[in-house]
Amino acid sequence: DLIVSIKADGTVFIGQDWIPDRDLPRYMKSEHDKDATRNVMIKADKRSNFGKVRLVVKAANEADCTAVSFLTEKQVAGTKSAQGGAGSRGGARR
């Protein structure tokens, strides 16, 4: 999977690499071309600007990524656990 993280300050990371907004479409296309079967998993801080999330989804679309999902964190009794969210394939993952 290709993990795309959007931080509260709007910075975008793919894996451990910080990607400037202007380079995001080209970087995602390059990653897609290396392995077209990879799923794009978007993890955004709840304080992230929705426009930034939209920018990442648009870049994934322009890179011909067909499997895009959102990672969410579920709080259970004061703890957090990562959950896969509904993606472009439809339905929620568990």
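Notes on the structure follow. (Residues numbered from 1 in each chain as written. Predicted model: local features only at pLDDT ≥ 70, side-chain atom pairs only at ≥ 80, totals over all residues. Heavy atoms only, no water.)

Description of helix α2 (residues 50-62)
- Between its first and last C-alpha atoms α2 spans 18 Å; for 13 residues at 1.5 Å apiece the expected length is 18 Å, and the two agree.
- Phi for Asp64, located one or two positions after α2, is positive at around 65°. (Helix = DSSP H or I, 4+ residues; strand = E, 2+ residues; numbered from the N terminus. Expected span 1.5 Å × (residues − 1).)

Quick word on the packing of helix α1 (residues 24-34) against α2
- Where α1 meets α2, the axes come as close as 8 Å, and the angle between the chain directions of the two elements is 45°. One way to sum up the angle between α1 and α2 is to call them oblique. Pair α1 / α2 crosses with right-handed handedness. Facing α1, whose interface residues are Leu24, Pro25 and Met28, α2 presents Leu55, Val56, Ala59, Ala60 and Glu62.
- Counted by class, the contact of α1 with α2 contains seven nonpolar, no polar and one charged residues. (Axes fitted to C-alpha atoms, helices over the stretch in contact; angles between N-to-C directions. Parallel < 35°, antiparallel > 145°, perpendicular 65-115°, else oblique. Left-handed = near helix turned anticlockwise from the far one by under 90°. Contact = heavy atoms within 4.5 Å. Nonpolar A, V, L, I, M, F, W, Y, C, P; charged D, E, K, R; others polar.)

It is worth stressing that arrangement in space is one thing and function is another; only the former is reported here.
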